[in-house]
Amino acid sequence: MTGIEALKAGGLILFATLVQVSIAEWIEVGEGHPSVVLVTLVAVSLLRGPVFGAVAGFTAGLVLDTASFGTFGMTSLLLTIAGYWTGRFGEVTTRT
């Protein structure tokens, strides 16, 4: 992966976190809120691999925790695990 592709994927994750904090918090579907960050993280992790998925998940979780004044580190931990295992699944199931 080149540096430009990593910057594009990182920018996409950052944009998804900003949309999550600013817009998706106000949308309610059946007493729940859509998770734009998780969907974006899963898509990027499937394409880029487990290490990039874990780093992107940690960064997105850190931004979400900071912006929403939530329990610091909980979202980072969950998104790191989700990014890593989704990337790992993408590596294992890809046939070249």
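Look above for the structure.
Residues numbered from 1 in each chain as written. Predicted model: local features only at pLDDT ≥ 70, side-chain atom pairs only at ≥ 80, totals over all residues. Heavy atoms only, no water.

Peer 1: Please clarify how the overall build of the protein chain should be interpreted in this entry.
Peer 2: On a plain count of helices and strands, the protein chain comes out with 4 helices and 0 strands. When the elements of the protein chain are put in sequence order from the N terminus, they spell out α-α-α-α. Computed over its C-alpha atoms, the radius of gyration of the protein chain comes to 13 Å, within 12% of the 12 Å expected for a compact globule of 96 residues. When the 96 residues of the protein chain are sorted by exposure, 30% land in the buried category. Pairs at least 24 apart in sequence give 54% of the contacts found in the protein chain among residues at least 6 apart. By element, 71% of the accessible surface of the protein chain is carried by carbon and sulfur atoms, the whole surface being about 6300 Å². Computed over 4 positive and 6 negative side-chain charges, the separation of the two mean positions in the protein chain equals 21 Å. (Helix = DSSP H or I, 4+ residues; strand = E, 2+ residues; numbered from the N terminus. Rg over C-alpha atoms; globule rule 2.2 N^0.38 Å. Buried < 20%, exposed > 50% of the residue type's maximum accessible area, 1.4 Å probe, protein only. Contact = heavy atoms within 4.5 Å. Areas by Shrake-Rupley, 256 points an atom, 1.4 Å probe, with all protein chains shown as cover. Lys, Arg positive; Asp, Glu negative; His and termini not counted. Charge placed at Lys NZ, Arg CZ, Asp CG, Glu CD.)

Function cannot be inferred from these measures alone, as they are strictly geometric.
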